[in-house]
Amino acid sequence: MSALLDIADLRLSFRLWSGTVEVLHGISLSIAKGERVALVGESGSGKSVTARIVLGLIQELKGATVSGRIRFDGQDLGRLSPRARHALRGTEMSMIFQDPTSSLNPVFPILRQFREVLARRTPRISEAEARARATEALREVAIHEADRVLASYPFQLSGGMNQRVMIAMALANRPKLLIADEPGTALDVTVQAQTLDLMRKLVADHGTAVLFISHNLGVVREFADRTYVIYRGRIVEQGPTAAVFADPRHAYTRALLAAQPRLTGGALPEIAERDPAFENPMEVHP
Amino acid sequence: MSLLVLWGVSVLIFAIARVIPGNPARVALGPNATQDQVDALAAALYLDRNILVQYAFWLRDLMRGDLGRSLYTNRPVTQDIAEFLPATLELIFLAAMLMIVAGLPLGILAARFRGRWPDHVIRVFSLLTVSAPSFVWAVALMLAFAYFLPIFPIAGRLSEAYSIPRVTGFLTIDTLLAGNLHAFANALRHMVLPAVALSLSGIGQAARLTRANMIETYEKPYIEMSQAYGFPEGRIARTYAFRPSLIPSLTIIGLDIAALLGNAFLVEAVFGWPGLSRYGVQVILRKDLNAIVGTVLVIAALFLIVNIIVDILTVLLNPRIRLGEARP
């Protein structure tokens, strides 16, 4: 089966005053159609920039150099014109962010923003049609008072409600790939769990592939079919989620798993900032 | 609240005008007048009485809509103000419009192309316009576009060839009321250079402010969201980044517009513009008490009106204030 997203040897470096800094050291990752794949790592490991490279946002920054090959849906993204890349955003791929409330524009009502998203697929969509389609999309995320929500500003809605709105927007154009960057980390735990459940059900229904970025191993375990563990810009372990969690082989993955709080209590071990064993070659589960 | 401020201004300016050294009656009558004549005029102006009594008399007259007589024009101050105020308002209105229609888009453009050439050009322009006072621009523009390249008239409000009946005192309105389009165009051409000179530093200031606030907004997650969803870059700049940034800019732009009133007097002096600011300077030099107090009061009132308008706009633009805070 051909992959929807296939990243090979992705490198990213930034040119700074002090010289060039490489942030990603050759990442390879693939996602099949409809597959849910997690990219797990600590802050600064390079997981968020990977997502933004897939969207094409980093390439537009001054001083950023991206190399490697990214194939999406049969096209080589590196060879596409900026215009063609832009056309994929919000249509074939979309994204959900950490904090739903601050990811929605504070001075425009939800409907206005929803309409702008829908217009990516349907240019010059009328307000009535946008309202109808937004209402439909909100029903999928179990929002039944669509009129009130669409007329509201983000600050008038709860964080959980905004997260559902984000999910509805992200899926409204039926993208092939959804990138979820630490979705709902800013929400409280029960709301986060509810919205993730909702999201998992929806992407399964629509056959949307997901690149799920997280540092929260508990959530990843629930959500993803396959998991990649990233450490300092390198993938250190990859495989089916169950296998990675049951039999972590790489030193870094073990340290990461050991650092999870448990119900049975006990002190958390410190993860060393660096450890020679963390630089070991990648472990691949079949 | 605003009335309280106006009252405070009246007390202050009343006191200051009387503390300035020099006998207004002597200045008004000239060096050849006898001491008896001077004393008589001073008595007629209640200048021989306690300052509190003077203020009480002045307040009593104000209630009747009387700001006293000007010693300089020998007419009621209200009549002077009615004559000179429209010219200044017209000028300031045009300058304020220029500030908004030129300053804000320049700021948007600079923020949208941050670090690229449009940004550099606009930043240099802003720096130049902000750092030189408006009368320097007045002289420079006059030399360039009225003298060397005589595109615009050099001074005044209207060519003498036209005689337009005075209705509102706003020449742009009066010429239209008279149905004389040529005169309207002529009045407008007279306004261009003074208005541009007056507004240039405001344009630069508005552009700088808009740029700075927008660059801050560009860091916000909701802008990244709109980029991730591929909203058109132009629309992101003009709408999704501009609107949230306008709220903090607005207060300062309002103050800058109000400050045009103060800057206007030098520009009016350079272009021979018969406006209130120029009148204000003349009456201060002649220690024309009633006229000084009246002029300052009108300018303070305009200041307050601008601020009230800004407050209303802020509420309209910010849904958080308009709809009340639903949650923290």
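Please read these numbers as outputs of a predicted model, since none were measured by experiment. (Residues numbered from 1 in each chain as written. Chains lettered and ligands numbered in written order. Predicted model: local features only at pLDDT ≥ 70, side-chain atom pairs only at ≥ 80, totals over all residues. Heavy atoms only, no water.)

**Quick word on the overall build of chain A**
Now for step 1: When helices and strands are counted, chain A shows 10 helices and 11 strands.
Now for step 2: Relative to the compact-globule value of 19 Å for 286 residues, chain A shows a C-alpha radius of gyration of 19 Å, a close match.
Now for step 3: C-alpha atoms of chain A, sized along the principal axes, occupy 60 × 50 × 45 Å.
Now for step 4: Within chain A, buried positions represent 51% of all 286 residues.
Now for step 5: Within chain A, contacts between residues at least 6 apart in sequence are counted, and of these 68% link residues at least 24 apart.
Now for step 6: Put simply, chain A shows about 12700 Å² of open surface, and 52% of that area lies on carbon and sulfur atoms.
Now for step 7: If the 35 positive side-chain charges of chain A are averaged to one point and the 31 negative ones to another, these points end up 6 Å apart. (Helix = DSSP H or I, 4+ residues; strand = E, 2+ residues; numbered from the N terminus. Rg over C-alpha atoms; globule rule 2.2 N^0.38 Å. Buried < 20%, exposed > 50% of the residue type's maximum accessible area, 1.4 Å probe, protein only. Contact = heavy atoms within 4.5 Å. Areas by Shrake-Rupley, 256 points an atom, 1.4 Å probe, with all protein chains shown as cover. Lys, Arg positive; Asp, Glu negative; His and termini not counted. Charge placed at Lys NZ, Arg CZ, Asp CG, Glu CD.)

**Remarks on the domain arrangement of chain B**
Now for step 1: Under the domain assignment, chain B is made up of domain 1 (2-63) and domain 2 (80-287).
Now for step 2: Computed over C-alpha atoms only, the centres of domain 1 of chain B and domain 2 of chain B are separated by 37 Å. (Domains from an automatic or database assignment.)

**Observations concerning the environment of Asn-173 of chain A**
Residues and elements named next belong to chain A.
Now for step 1: With respect to the helices, strands and loops of the structure, Asn-173 is situated in the loop between helix H6 (159-172) and strand S7 (177-181).
Now for step 2: Remark: the alpha-carbon pair of Asn-173 and Arg-133, spanning 40 residues in sequence, is separated by 9.9 Å.
Now for step 3: Contact partners of Asn-173, with chain neighbours within four places excluded, come to Gly-90, Thr-91, Val-117, Leu-118, Arg-120, Arg-121 and Arg-133.
Now for step 4: In terms of polar contacts, Asn-173 uses its side chain to reach the backbone carbonyl oxygen of Val-117, at 2.8 Å. (Polar contact = N/O pair within 3.5 Å; in protein donor to acceptor, adjacent residues only side chain to side chain.)

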